[in-house]
Amino acid sequence: MNCEEPALAIGAVARQFARVASNAFITGITGQDGSYLSEFLLEKGYHVHGLVRRASTDNLQRIRHLLDHERLTLHHGDLTDGGGLTRLVAELKPDEVYNLAAQSHVKISFDTPDYTTDVTAVGAVRLLEAIRSAGVKTRYYQASSSEMFGKVRETPQVETTPFHPRSPYACAKLFAHWITINFREAYGQFGCSGILFNHESPRRGETFVTRKVSMAVARIKLGLQDKLALGNLDAKRDWGYAKEYVEAMWLMLQQDEPDDFVIATGETHTVRELAQVAFDHVGLDWEQYTEVDPTYYRPAEVDMLLGDPGKAKRVLGWEPATKFEGLVRLMVDEDLKLLGS
Ligand code: NAP
Ligand code: G4F
């Protein structure tokens, strides 16, 4: 693919596309999960189609290494543009759709509630309607979130735990979750929701807390930064490795019946522990370099998340291999490499 002229190349390749094996359509292909899922599906022999939104800066960084792949085709579009989605789904007739696109930052959703709802909630129903109106037998994956559990009603959280969203983002995800179930019940669509707990990697956006910490630790170790400012150090999350979580998405769509699954590690840790493990890994004392800045507090916080992935293990045969400390160390090591150490 010629990435210097993306609009032309993308359209041209799309028209030449001939269906061979299964083809998958991924929204959010340029994000953390989209990039790992693309690699995973290409390795399985899929033709992967990805939705890319037009940006004035480069948003293809995470998939740059895949751009020349003969079974990858990118299409311009946006989850806020129903007409474009309808035309694309009708043209591609995908066997599988993975709806990973979202305004995915919880704190930013408090500043952009309308926009977050439009992309993250209404975007899902636009896509489901596009599939329905195309009349194709498409299997649909919805990227649901543990944020939907919010002010948790029970611990650990399982598929039947009641929801209590605490942000515009979580409310939007809850709508997308239920509309997926509604289309399954109303129209017999094969739709699955993966209720994924936090999952991280060296490809994680730099404003999410794990990557913010791993990047800061690497920079401080190399003398490029003095301090790390964080918000709520007491928040607890169930953090897993994104590369492993995308396999669970695929497994859900390979089952005989559509269903919803919690994907998690079964461990929870505080932001404080995250900082401690990351600084320890490079031989520094976290307390010396970390300060609390209330700017990063949220109007309403999710204090604690802990998932039980038991159903995923029983039904999908899926289990996480990488746990908290290994993940944090892996991320710090990759950021040190990135910075040239
Ligand atoms: P991410 O890195 O933030 O990626 C989000 C993707 O959505 C990017 O490709 C982004 O495109 C795209 N996007 C944003 N707005 C769009 C729009 N209006 N139209 C089309 N595409 C748009 O997120 P992630 O961590 O990979 O997560 C993938 C999905 O899982 C998201 O829906 C997220 O909410 C959900 N989720 C994530 C986690 C987690 O811990 N990572 C846990 C549970 C659920 P650009 O590159 O152009 O910005
Ligand atoms: O890394 P975070 O921004 O992730 P959060 O809010 O849990 O959301 C992520 O995981 C969800 C799954 O549960 C996804 F659905 C969502 O799309 C996203 O990927 O924050 C984690 C915790 C929060 O409690 C936050 O208050 O870390 C706390 N925190 C403390 N200091 C901070 C900071 N978060 C950020 N982003 N930046 C800080 O400086």
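This write-up is about the structure you can find in this document. (Residues numbered from 1 in each chain as written. Chains lettered and ligands numbered in written order. Predicted model: local features only at pLDDT ≥ 70, side-chain atom pairs only at ≥ 80, totals over all residues. Heavy atoms only, no water.)

Attention shifts here to the overall build of the protein. Helices and strands together make up the secondary structure of the protein, namely 12 helices and 13 strands. Over its C-alpha atoms the protein spans a radius of gyration of 20 Å, differing by no more than 12% from the 20 Å that the globule rule assigns to 341 residues. Looking at the protein alone, contacts between residues at least 24 apart form 80% of all its contacts between residues at least 6 apart. Between the mean site of the 38 positive side-chain charges and the mean site of the 47 negative ones, the protein shows a separation of 2 Å. (Helix = DSSP H or I, 4+ residues; strand = E, 2+ residues; numbered from the N terminus. Rg over C-alpha atoms; globule rule 2.2 N^0.38 Å. Contact = heavy atoms within 4.5 Å. Lys, Arg positive; Asp, Glu negative; His and termini not counted. Charge placed at Lys NZ, Arg CZ, Asp CG, Glu CD.)

Our next topic: the site of ligand 2. Around ligand 2 sit 24 residues, and of these S145, S146, Y169, R298 and E301 come closest. Between ligand 2 and the protein, one listed contact pairs an oxygen atom with a backbone N or O atom of S104 at 2.7 Å. Residue E301 places a side-chain N or O atom 2.6 Å away from an oxygen atom belonging to ligand 2. Listed by contribution, the elements that provide at least two residues to the shell around ligand 2 are α7 (209-221) and β8 (228-230). Counted by class, the shell around ligand 2 contains 10 nonpolar, eight polar and six charged residues. (Near = heavy atom within 4 Å. Polar contact = N/O pair within 3.5 Å; in protein donor to acceptor, adjacent residues only side chain to side chain. Nonpolar A, V, L, I, M, F, W, Y, C, P; charged D, E, K, R; others polar.)

What follows covers the nonpolar core. By size, the foremost hydrophobic cluster in this structure holds 64 residues, and its most contacted members are L41, Y98, Y141 and I263. Tallying contributions element by element places helix α8 (residues 242-253) first for this core, with nine residues. The contact partners of L41, leaving out residues within four places of it in the chain, are A24, I26, Y46, V48, Y98 and W250. If you look at the next biggest cluster of nonpolar residues, it comprises 20 residues, including L85, L127, Y140 and I179. (Core = buried A, V, L, I, M, F, W, Y, C linked by side-chain atoms within 4.5 Å. Buried < 20%, exposed > 50% of the residue type's maximum accessible area, 1.4 Å probe, protein only.)

Another aspect to go through is helix α9 (residues 271-281). What α9 keeps buried is the set V271, L274, A275, V277, A278 and F279. On its buried side, α9 packs onto α7, β8, β12 (269-270), α10 (286-289), β13 (290-292) and α12 (324-338). Just past α9, the residue G283 takes up positive phi, approximately 75 degrees.

Our next topic: the site of ligand 1. With respect to spatial proximity, 25 residues lie near ligand 1, and among them T30, D78, S104, Y169 and K173 are the closest. Contacts to ligand 1 include D33, whose backbone N or O atom sits 2.8 Å from an oxygen atom. Here H199 contributes a backbone N or O atom positioned 2.9 Å from an oxygen atom of ligand 1. When ligand 1 sits alone it has 900 Å² of accessible area, and the protein chains cover 90% of it. Only α2 (32-43), α5 (113-134), β5 (139-145) and α6 (168-187) provide two or more residues apiece to the shell around ligand 1. Per-element accounting of the shell around ligand 1 gives the leading share, three residues, to β5. In terms of residue class, the shell around ligand 1 is built from 10 nonpolar, 10 polar and five charged. (Areas by Shrake-Rupley, 256 points an atom, 1.4 Å probe, with all protein chains shown as cover.)

Attention now goes to the environment of K212. Take K212: it is sitting in helix α7. Counting along the chain gives 17 residues from K212 to A229, while the straight-line C-alpha distance between them is 9.4 Å. In this view, K212 contacts E206, L228, A229, L230 and Y296; residues no more than four positions away in its chain are not counted.

Here we take up the pattern of salt bridges. Inspection of the entire model under this criterion finds 15 salt bridges. We note a salt bridge from R203 to E39, for which the minimum N-O separation is 2.7 Å. With R203 in the loop between β7 (199-200) and α7 and E39 in helix α2, the pair connects residues that are 164 residues apart, well separated along the chain. Exposure remark for E39: the relative accessible area of 17% places this residue in the buried category. Across the pair D234 and R272 runs a salt bridge whose closest N-O atoms are separated by 2.8 Å. In this pair, D234 is assigned in the loop between β8 and β9 (236-237) and R272 in helix α9, connecting sequence segments 38 residues apart. Since its relative accessible area comes to 29%, R272 is described here as partly exposed. Each of E147, R237 and E301 takes part in a single network of salt bridges with overlapping partners. (Salt bridge = Lys/Arg side-chain N within 4 Å of Asp/Glu carboxyl O.)

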